[in-house]
Amino acid sequence: MYRSRLTEKLRESLSAVVPIIVIVLLLSVTIAPIPNSILLSFLFGGVLLIIGMMFFSLGAELAMEPMGQHVGGRLTKTRKLWLILLAGFLLGVLITVSEPDLQVLANQVQSIPNSVLILSVAGGVGLFLVLALLRMLLSVRLRTMLLIFYIMVFALAYFAPPDFLAVAFDSGGVTTGPMTVPFIMAFGIGISAIRSDGKAADDSFGLISLCSVGPIIAVMILSLIFRPDGAGYEAAVMPDAANSVEMARDFLGVFPTYFREIAVALLPITGFFLIFQIFLLRLGRQTLMRIGVGLLYTYVGLVLFLTGVNAGFMPAGTYLGQTLAGLKFRWIIVPLGMLIGFFIVKAEPAVYVLMRQVEELTSGAVSGKTLQRSLSIGVAISVGLAMTRVLTGISILWLVIPGYAIALGLTFVVPDMFTGIAFDSGGVASGPMTATFLLPFATGACLAVGGNVVTDAFGVVAMVAMTPLITIQLLGVMYRLRSRTAAPVYETIEEKLDWLDDYEIINL
């Protein structure tokens, strides 16, 4: 039944992951030799990543998105604001605790207990999801809330310990990963049904962007209260298998860990959905079976994906960064990092969820391929900036303050739809591939140049989350400029669609 769809997802996975594998292989046989054990683990991890992405992408379509839409849609029918907000807070906390990317970051920050960091970040996501729902229900412009909260972020940054600035900004990116994005975006679409005006669909974007701000503020406040001595980190463990059989045994030994972790991650959100099913939803057997199959695909996909990236890609990223930055012409790490960044965003599972949601909500007015291309350009720029920080040691504030100033300034000249898509895309782009390959890549390079890993290497996730805000809004500027010569400028999706089918200005 799902064979043709799995084949389609396999093609997507191959097109996303193969370019990264080719780049690493070319570097390994030219300027950055990699030990056989690390290279072999990288290739093993690549195979698992491809298969994992295939299963996860289909699982998200069959389970995570329908679950979010059913819960959100049913809550709107109750017309009880307190219930909607309470459910939003609980969902934000539960799904963040389940987020694998956050576990990866917490494991690398040793000065704060994992549970303290994770619960603080989860509380920030839950609170800001409530604020995002209130914005949607009360028709508050996303631009207004983003301006207010980012002013708060940079005010807190003035008082926060320098060692925690990069970690705080990174935490905002890792919370919006493969677990969070499909469910929260679908939940927002369901909640938007409570409004009948023409801008409800536009306002369904923006939940991810606001949920990304909450963790930044939460970690900065935590650093003021907790006052740790420094934000230490834990480096990736390098594989030392002598042959492929030993490597296979190493991977098999890691599998049980991720079987448990993903089971624990999926249980809270599955339990939440089952409670809704028993008391409010009462969906039919066929729908429940479809969701059950989707959850199974999601589980298998995430286990394979995270095993591949953690056991295979993380060591390779660390070693590759260390090797390239140790060359006499270490500046080459900037263009090579940009090249890797351009392709690596295509391997983020949540990116495909966002692409599909954007195409559906805009009825194809904004194409998924154009969105992905803009994301790739943005991530390439951000990795280049992150590698420049590694080589120079400049503070992350010198980049994020002007970057967010430009991004927030663009909100005044682009349609609201593009603002929501852009700020959601920033959170989506900084997923598990960033946390398990680009961050180790930056830490390895930082160790090679003798820099401070905590202040100079951490922050790459934040950079990846920032630049798409600018590139996608610039796409919106192009849209607005071109639309003035083709048709009047409209503010809602419904008004645009009457003429967008005949004038494909977005499909560049």
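Just so it is clear, the model here is predicted, and its values are computed rather than measured. (Residues numbered from 1 in each chain as written. Predicted model: local features only at pLDDT ≥ 70, side-chain atom pairs only at ≥ 80, totals over all residues. Heavy atoms only, no water.)

Draft legend 1. Representation of the pattern of salt bridges in the model. All told, the structure shown has three salt bridges when counted by the stated rule. For R5, the salt bridge goes to E61, with nearest N and O atoms at 2.5 Å. Of this pair, R5 sits in helix α1 (residues 3-28) while E61 sits in helix α2 (residues 36-78), and the two are 56 residues apart along the sequence. Look at R5 and you get partly exposed, because its relative accessible area is 25%. Notably, a salt bridge pairs R141 with D416, separated by 2.6 Å at the nearest N-O pair. One end of the pair, R141, is in the loop between α5 (114-138) and α6 (142-159); the other, D416, is in helix α17 (residues 416-429), and 275 residues separate them in sequence. (Salt bridge = Lys/Arg side-chain N within 4 Å of Asp/Glu carboxyl O. Helix = DSSP H or I, 4+ residues; strand = E, 2+ residues; numbered from the N terminus. Buried < 20%, exposed > 50% of the residue type's maximum accessible area, 1.4 Å probe, protein only.)

Draft legend 2. Up close: helix α15 (residues 368-392). With 25 residues, α15 should cover 36 Å at 1.5 Å per step; its first-to-last C-alpha distance of 36 Å lies within 8% of that length. Following α15 by one or two positions, G393 has its phi on the positive side, about 75°. (Expected span 1.5 Å × (residues − 1).)

Draft legend 3. Quick peek at the nonpolar core. One finds M220 and L320 to be the most contacted residues of the largest nonpolar core, which totals 176 residues. Element by element, the count of residues in this core is highest for α2, at 18 residues. Discounting residues that sit within four places of it in the chain, L320 has contacts with V24, L27, A32, I34, I340, F437 and F441. (Core = buried A, V, L, I, M, F, W, Y, C linked by side-chain atoms within 4.5 Å. Contact = heavy atoms within 4.5 Å.)

Draft legend 4. Up close: the packing of α15 against helix α18 (residues 432-449). At a closest axis distance of 9 Å, the pairing of α15 and α18 adopts a crossing angle of 25°. Relative to α18, α15 is oriented roughly parallel. Relative to α18, α15 is oriented so that their crossing is right-handed. Here V383, M387, V390 and L391 of α15 lie close against α18, whose contacting residues are L438, F441, A442, A445, C446 and V449. (Axes fitted to C-alpha atoms, helices over the stretch in contact; angles between N-to-C directions. Parallel < 35°, antiparallel > 145°, perpendicular 65-115°, else oblique. Left-handed = near helix turned anticlockwise from the far one by under 90°.)

Draft legend 5. A look at the environment of L49. Following the sequence through the fold, L49 ends up in helix α2. Under the relative-accessibility criterion, L49 is labelled buried at 0%. In sequence terms L49 and F305 are 256 residues apart; their C-alpha atoms lie 4.5 Å from each other. Non-local contacts of L49, meaning those with residues more than four positions away in its chain, are made with V17, L304, F305, V309, F313 and M433.

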